[in-house]
Amino acid sequence: MNEAPQETNRSIDIKKLLKSVLAYGSSDLHLVVGSEPQIRIDKELKPLNLPVMSAKDIEIMSYSLLEDKQKKKFEEENELDFSFELKGVGRFRANYYRTIYGIGCAFRMIPLEVPSLEDYNSPPVFKELVKREKGLILVTGPTGSGKSTTLAAMLNEINENERKHIITIEDPVEFVHKNKKSLFSQRDVGSSTNSFATALKYSLRQDPDIILIGEMRDEETIGAALTAAETGHLVFGTLHTNSAPGTINRIIDVFDSQKQPQIRAQLAQALVAVISQTLIPRVGGGKVATHEIMITNPAISNLIREDKVHQIYSQMQLNQTETKMTTQTQVLFDLLKQNIITKENAIKYSNRPEELIKIIGAM
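Here we summarise the structure given alongside this text. (Residues numbered from 1 in each chain as written. Predicted model: local features only at pLDDT ≥ 70, side-chain atom pairs only at ≥ 80, totals over all residues. Heavy atoms only, no water.)

### Concerning the overall build of the protein chain
The line we're drawing: Only DSSP runs of H or I covering at least 4 residues are called helices, and only runs of E covering at least 2 are called strands; the numbering of each starts at the N terminus. A radius of gyration in this sense is built from C-alpha atoms; the matching globule rule multiplies 2.2 Å by the number of residues raised to 0.38. Accessibility here uses a 1.4 Å probe with only protein chains present; expressed as a share of the type maximum, an area under 20% marks a residue as buried, one over 50% as exposed, and anything in between as partly exposed. In this analysis, two residues are considered to be in contact whenever any of their non-hydrogen atoms come within 4.5 Å of each other. Accessibility throughout is a Shrake-Rupley quantity obtained with a 1.4 Å probe, and a residue counts as covered only by protein chains that appear here. The convention is simple: Lys and Arg are positive, Asp and Glu are negative, and His and the chain ends are not counted. By convention, the charge on Lys lies at NZ, on Arg at CZ, on Asp at CG and on Glu at CD.
Along its length, the protein chain carries 15 helices and 13 strands. The C-alpha radius of gyration computed for the protein chain amounts to 22 Å, which stays within 12% of the reference 21 Å derived for 363 residues, consistent with globular compactness. Projecting the C-alpha coordinates of the protein chain onto the three principal axes gives extents of approximately 65 × 55 × 40 Å. Within the protein chain, buried positions represent 50% of all 363 residues. Here the analysis covers contacts within the protein chain between residues at least 6 apart in sequence; of these, 57% occur between residues at least 24 apart. As displayed, the protein chain offers around 17700 Å² of accessible surface, 47% of which is attributable to carbon and sulfur atoms. Averaged over its 44 positive side-chain charges, the protein chain has a centre that lies 3 Å from the centre of its 46 negative ones.

### Overview of the nonpolar core
Selection rule: Throughout this description, the term nonpolar core refers to a set of buried Ala, Val, Leu, Ile, Met, Phe, Trp, Tyr and Cys residues connected via side-chain atoms within 4.5 Å.
In terms of nonpolar packing, the biggest core is built from 60 residues, with M154, F236, I248, L267, L271, M294 and I312 touching the most fellow members. Excluding residues that lie within four positions of it along the chain, I248 makes contacts with L267, L271, M294, I304, V309 and I312. Core analysis: the next-biggest nonpolar cluster, separate from the first, contains 29 residues, I41, L48, A94 and M109 among them.

### Points about unusual backbone geometry
Apart from glycine, the bulk of residues carry a negative phi angle, and the bulk of peptide bonds sit in the trans form. Omega for the peptide link from D171 to P172 comes to -5°, which places this bond in the cis form. Checked against the element boundaries, P172 lands in the loop between β8 (165-170) and β9 (183-188). Here the phi dihedral of N78 falls at roughly 65°; this positive angle occurs in a residue that is not glycine. Along the polypeptide, N78 turns up in the loop between α3 (68-77) and β4 (79-86). A residue is classified by how much of its surface remains accessible, and N78, at 32% relative accessible area, is partly exposed. Here the phi dihedral of N121 falls at roughly 50°; this positive angle occurs in a residue that is not glycine. Counting through the fold element by element, N121 comes out in the loop between β6 (103-110) and α4 (125-129). Its relative accessible area of 67% is what places N121 among the exposed residues.

### A closer look at helix α7 (residues 219-230)
As a reminder of what qualifies: Multiplying 1.5 Å by the helix residue count minus one yields the expected span of that helix.
Taking 1.5 Å as the rise per residue, α7 with 12 residues should run 16 Å; its terminal C-alpha atoms sit 16 Å apart, in good agreement. Residues of α7 that are buried include every one of T221, I222, G223, A225, L226, A228 and A229, and no others. In this fold, the buried residues of α7 make contact with β7 (135-140), α6 (196-203), β10 (210-213), β11 (234-239), α8 (244-253) and α9 (260-270). After α7 finishes, the residue G232 shows a positive phi value of roughly 95°.

### Thoughts on the sheet that holds β4
Definition in use: Here, any two strands with at least 2 DSSP bridges between them count as paired. Between the N-to-C directions of two axes lies an angle of 0 to 180 degrees, each axis being a line fitted to C-alpha atoms and, for a helix, fitted only over the stretch in contact.
Taken in spatial order, the 6 strands of this open sheet run β3-β2-β1-β6-β5-β4, and their pairing is antiparallel. Each end of this open sheet is capped by a strand with a single partner; those strands are β3 (44-47) and β4. Strand-to-strand, the axes of this sheet are offset by a mean angle of 25°, without reference to chain direction. Bridge analysis of strand β2 (residues 38-41) against β3 gives 4 bridges, and the strand direction is antiparallel. Of the residues in β3, the one forming a bridge with I41 is E44. Seen against the sheet, helix α1 (residues 14-23) touches β1 (28-31), β2, β4, β5 (90-98) and β6 and runs at an angle of roughly 140° to β1. Its contacts with the sheet place α3 against β4, β5 and β6, and it is angled at close to 155° to β4.

### Focus on empty space enclosed by the protein
Let me state the cut-off plainly: Using a 1 Å grid laid over the protein atoms alone, points where a 1.4 Å probe fits but cannot get out form a cavity; open sets with protein on both sides within 12 Å along at least 5 of 7 lines form a pocket; any residue with an atom within 4 Å of a point counts as lining. Grid points are joined across faces, edges and corners, and a volume is the space filled by probe spheres set on the points.
Across all of its chains, the model carries 1 cavity of 30 Å³ or more by this definition. Space inside the largest cavity adds up to approximately 40 Å³. In this structure, the largest cavity is lined by P142, N242, S276, Q277, T278, E292, Q328 and N351. With 3 residues, the top contributor of residues to the lining of the largest cavity is strand β12 (residues 271-281).

### What about the pairing of β5?
Sheet topology places β4 next to β5; 8 bridges connect them, and they run antiparallel. Paired with F84 across the two strands is F92, which belongs to β5. In this antiparallel pair of consecutive strands, β4 and β5, the connection spans 3 residues, and G88 shows a positive phi of 75°. Pairing of β5 with β6, which is carried by 8 bridges, proceeds in the antiparallel orientation. Within the sheet, the bridge partner assigned to F92 lies in β6 and is M109.

Shown next as structure tokens:
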């Protein structure tokens, strides 16, 4: 192993550290050998005023949160995803990994209370989308863009108003839902089930109304999700894509060329909406979510079926008041006019910066 700084701080209690981090309103905590603990606030890393950590410090801190089964898995695979709750403190998603100097840890803060759509000023159309009886709704965006929070708020809306059986398949489970009007069966890949694909296959025998798939990673999972959406279930899923056309292309490209015409036909039939989300620093502190929304209509269905995905963006720009679709460029421009975000950040986070710059220039 490479030599790393040997400063030691074995007095740090990881549970107390996580509790104090929540007080800063941060989203993440990072433990890396040779650095003091660092937290992320409004997308920026900030070091805490604590001693530099050695490999031994982090090993002691990280292992204190693990069960024997988890320790064994980490030691065999050098990677571990899990979630846990500290009573009276909060819920956390954790990832452990090995670096050339030792163990590294990333902790994501998850609120104990499941958010509502109103809490995040979500677009009104979200309440309409969750009333669908069947189909596929995708929430996409880069890591840390708030996809899990948006999905949790959408499921909470259903939970508040409808009597449904909702199965969630996640790696790991993040937000824990209490049964209100709906009944939740939440499954954790690795501890409750072996894989997304296996859980999804058997979920159809568990009388679900709604299925949440934490991540649509492979051909088997995507294929099963499309089948479930076609056969009378409302399916929610996520992908790490930045736009509706990019999401559709990603799904189709997972399959070999012989299967792609069938997948296009299934998508054209099953896809309800793609919500592409980004979190952008807000003027004065905090973050604001931008939502590019594509809602499938007959014109978009035809474009998917006919392999003309590149024309979908133009359809999203038409009659937005009637279709309730939005483009990211329009959302960024509106936030900029309201002085909610800066011009620099609008351009930085834009998927189509040239288009945005052109519109800004016409102000």
